[in-house]
Amino acid sequence: MGSERVVVIGGGPAGLAAAAAVADVGSAVTLVEWAPFLGGTPIAENYAALTPNMESAEVAMGRMIDRVTSNELVDVRLGSQVAACEPDGHGFRLELSGDGAGPLHADAVVVATGFQHFDPGRETQMYGYYEFPDVVALQDLEAMLKDHHVVRPSNGQPPERICFVQCVGSRDRQIGNEYCSKVCCGIASKEAIEVRQQLPDCKVFIFYIDMRMYGYWENQIYWPAQEQYHVQYVKGIITEVLQKGDKLLVRGEDTTMGRPMEVTMDLVVLSVGMEPSLGTRLMAKTFGVAQNKYGFIDAAHAPLDTVSTSRPGIFACGAALGPADLEDSVSSAAAAAVRAVAHARSHQPVGA
Ligand SMILES: Cc1cc2nc3c(=O)[nH]c(=O)nc-3n(C[C@H](O)[C@H](O)[C@H](O)COP(=O)(O)OP(=O)(O)OC[C@H]3O[C@@H](n4cnc5c(N)ncnc54)[C@H](O)[C@@H]3O)c2cc1C
Ligand code: SF4
């Protein structure tokens with residue numbers, strides 16, 4: 001082990017994987033997380049089961065957290081963030097604020113500050129997220145599934161008909177998010193399966209523009225959702241959700257049949273996309289690294305180097321780089337960790 005230190009910012013799946021990988025190869029690592037707990041969005045948003053194996057998110061993330069907190073090479077600073085970064089010899093001098101305040105030397109930095117869910121209140125279409133209690137988002141349903149208590153928020157009763165509306169806040173030129181968020185087709189299908197497991201009498205529909213299942217998810221989630229759990233996929237565009245009596249009226253167009261569509265539902269779930277988190281935007285500024293037009297950190301040498309930023313010595317991984325599932329997030333974390341350790345050990349001059 002050398003005397004080098006890598007600082008990882010963000011204690012979600014990517015940051016935990018990066019910190020563990022840095023320690024595995026014998027370098028010291030400080031993990032800076034501004035929340036009072038580790039685990040990232042899957043813990044903060046109370047995810048139920050994770051794709052593709054439906055393991056409890058809490059159990060799976062608990063394993064990752066233990067691996068990091070039990071390693072003596074890892075120094076965890078919760079409730080802390082990097083307030084400033086200055087060049088410092090071959091590395092950087094970071095100023096931490098919050099619970100772990102004070103200066104810190106880093107020979108290399110990995111930014112793993114993740115994403116936030118698209119706010120459906122910004123949607124140009126009329127989905128009524130803030131108007132109607134029975135219009136919820138993917139993460140709201142995750143929390144209900146985790147508690148085994150899927151109910152209509154308006155009356156506390158289990159729903160008989162649920163629909164998912166895909167691509168909310170993604171693939172939308174009007175709001176400037178032209179990109180596909182990659183995970184929401186799979187996550188909606190996974191949640192649809194969980195609903196059918198917990199409420200076998202509930203009818204579940206997914207309204208989609210086109211289904212974009214990611215790699216093996218096609219076989220692991222999409223076909224089982226249809227064939228085993230009888231989730232009904234309807235190709236269509238939803239333009240409006242209205243309250244009608246104690247039901248929700250969902251309006252749009254069935255694009256396969258080429259005709260207008262009006263259906264009533266008890267619960268509408270908006271499949272919101274991924275946007276850069278506030279922390280990702282802040283850290284990009286603090287470290288002076290380039291962002292793409294959506295605010296995610298730019299991988300400066302993509303496609304063959306996906307973790308280097310525009311500033312030597314600063315690497316990024318996970319959903320801070322753009323929409324990513326867990327497998328992508330931990331894979332890029334391992335790559336960023338190796339590059340950060342190599343950089344820290346090489347004593348290359350870093351950019352100012
Ligand atoms: C509803 C939903 C369900 C999902 N379920 C699955 C699934 O089942 N399977 C799957 O593969 N993927 C799933 N995903 C995707 C998965 O959530 C992401 O791939 C994963 O969380 C990305 O990990 P990350 O560490 O990059 O980011 P995050 O999980 O967002 O973690 C980022 C961490 O950084 C911290 N942070 C942010 N800014 C700062 C700062 N400035 N200073 C210090 N700390 C900071 C945050 O507090 C957080 O702890 C789901 C996504 C959604 C929307
Ligand atoms: S993954 Fe599916 S729901 Fe998400 S943006 Fe892409 S096509 Fe739309």
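Residues numbered from 1 in each chain as written. Chains lettered and ligands numbered in written order. Predicted model: local features only at pLDDT ≥ 70, side-chain atom pairs only at ≥ 80, totals over all residues. Heavy atoms only, no water.

What to know about the site of ligand 2
Stated formally: In this text, near means that some heavy atom of the residue lies within 4 Å of the molecule or strand in question. Here a cavity means grid points, on a 1 Å grid over the protein atoms only, where a 1.4 Å probe fits yet cannot get out; a pocket means an open set of points with protein on both sides within 12 Å along at least five of seven lines; lining residues are those with an atom within 4 Å of a point. A cavity or pocket is said to hold a molecule if more than half of that molecule's atoms lie within 2 Å of its grid points. Basically, the charged four are Asp, Glu, Lys and Arg, the nonpolar ten are Ala, Val, Leu, Ile, Met, Phe, Trp, Tyr, Cys and Pro, and anything else, Gly included, counts as polar.
Every residue lining ligand 2 is accounted for by Gln 166, Cys 167, Ser 170, Arg 171, Cys 180, Ser 181, Lys 182, Cys 184, Cys 185, Asp 210 and Arg 212. Put simply, ligand 2 lies in the largest cavity. Taken together, the residues of the shell around ligand 2 sort by class into four nonpolar, three polar and four charged.

Brief notes about the pattern of salt bridges
To keep it simple, the criterion reads: By convention in these notes, a salt bridge is any Lys or Arg side-chain nitrogen within 4 Å of a carboxyl oxygen on Asp or Glu. Each helix is a run of H or I in the DSSP string that is no shorter than four residues. Each strand is a run of E no shorter than two, and both are numbered from the N terminus. Only protein chains enter the accessibility calculation, which uses a 1.4 Å probe; a residue is then buried when its area is under 20% of its type maximum, exposed when over 50%, and partly exposed in between.
By the definition in use, this model includes 18 salt bridges. Salt-bridge contacts for Asp 210 lead to Arg 171; the nearest nitrogen and oxygen are separated by 2.9 Å. In this pair, Asp 210 sits in the loop between strand 13 (203–208) and helix 6 (217–227) while Arg 171 sits in the loop between strand 12 (161–168) and helix 5 (184–198), placing the two residues 39 residues apart along the sequence. Residue Asp 210 is classed as partly exposed on the basis of its relative accessible area of 28%.

Considerations on the domain arrangement of the protein chain
Defined as follows: All the domain ranges listed were derived from an automatic or database domain assignment. Only heavy atoms enter the contact rule, under which two residues are in contact if any of them lie within 4.5 Å. Accessible area, probed at 1.4 Å, shrinks when two parts are joined; the buried area is that loss added up over both. Pairs of N or O atoms are called polar contacts if they sit within 3.5 Å, as long as, within protein, a hydrogen donor faces a hydrogen acceptor (for residues adjacent in sequence, only side-chain-to-side-chain pairs).
Taken domain by domain, the protein chain comprises domain 1 (5–114 + 277–346) and domain 2 (118–273). Taking only C-alpha atoms, the centre of domain 1 and the centre of domain 2 are 31 Å apart. Counting residues at the interface gives 17 residues for domain 1 and 21 residues for domain 2. In total, domain 1 and domain 2 occlude about 1600 Å² of area from one another, counting both sides; carbon and sulfur atoms represent 60% of this. Broken down residue by residue, the surface that domain 1 buries against domain 2 is led by Thr 51, Tyr 294 and Pro 323, which jointly contribute 31%. The tally of links between domain 1 and domain 2 comes to two salt bridges. Note that Lys 293 is salt-bridged to Glu 178, the shortest N-O span being 3.2 Å. At the boundary of domain 1 with domain 2, the tally comes to seven residue pairs in polar contact (both at pLDDT 80 or more).

Observations concerning the side chain of Gln 139
Mapping Gln 139 onto the fold places it in helix 4 (residues 138–146). Excluding anything up to four places from it in sequence, Gln 139 contacts Glu 45, His 117 and Val 272.

Focus: the site of ligand 1
Selection criterion: Computed with the Shrake-Rupley method and a 1.4 Å probe, the accessible areas treat only the protein chains shown as cover for residues.
The immediate surroundings of ligand 1 are formed by 35 residues, with Glu 33, Thr 41, Thr 51, Ala 324 and Leu 326 found nearest. Between ligand 1 and the protein, one listed contact pairs an oxygen atom with a backbone N or O atom of Pro 13 at 3.2 Å. One of the backbone nitrogen or oxygen atoms of Ala 319 is found 2.8 Å away from an oxygen atom of ligand 1. Within the complex, the protein chains bury 97% of what would otherwise be the 1000 Å² of accessible surface of ligand 1. When residues of the shell around ligand 1 are assigned to domains, at least three map to each of domain 1 (5–114 + 277–346) and domain 2 (118–273).

Regarding the nonpolar core
We apply this condition: In plain words, nonpolar cores are sets of buried Ala, Val, Leu, Ile, Met, Phe, Trp, Tyr and Cys residues tied together by side-chain atoms within 4.5 Å.
Core analysis: the biggest nonpolar cluster contains 40 residues, and Leu 141, Ile 162, Phe 164, Met 211 and Tyr 233 have the highest contact counts within it. Among the elements that take part in this core, helix 5 stands out by supplying seven residues, more than any other. Residues lining this core come from more than one domain, with at least three contributed by each of domain 1 (5–114 + 277–346) and domain 2 (118–273). Beyond its immediate chain neighbours, meaning those up to four positions away, Phe 164 contacts Leu 138, Leu 141, Ala 188, Glu 191, Ala 192, Val 204, Phe 205, Ile 206, Phe 207, Val 269 and Ser 271. With 31 residues, the next largest nonpolar core counts Ala 18, Val 110, Ala 337 and Ala 344 among its residues.

Comments concerning the side chain of Ser 170
Mapped onto the elements of the fold, Ser 170 is located in the loop between strand 12 and helix 5. Polar side-chain contacts of Ser 170 include one of 2.9 Å to the side chain of Ser 181. With sequence-adjacent residues up to four places away left out, Ser 170 is seen in contact with Asn 177, Tyr 179, Ser 181 and Gly 273.

As for the packing of aromatic side chains
Basically, it comes down to this: Ring pairs shown here join Phe, Tyr and Trp side chains whose ring centres sit within 6.5 Å, with only the six-membered ring taken for Trp; geometry is labelled stacked below 30 degrees between planes, edge-to-face above 60, and tilted in between.
Throughout the structure, instances matching the rule amount to seven aromatic pairs. Relative to Tyr 130, the ring of Tyr 129 lies with its centre 4.9 Å away and its plane at 80 degrees, an arrangement referred to as edge-to-face. A relative accessible area of 59% means that Tyr 130 is categorised as exposed. With 5.8 Å between their ring centres and 75 degrees between their planes, Tyr 214 and Trp 217 make a pair best called edge-to-face. Accessibility expressed as a relative area gives 22% for Tyr 214, which makes it partly exposed. For Trp 217, a relative accessible area of 4% corresponds to the buried category.

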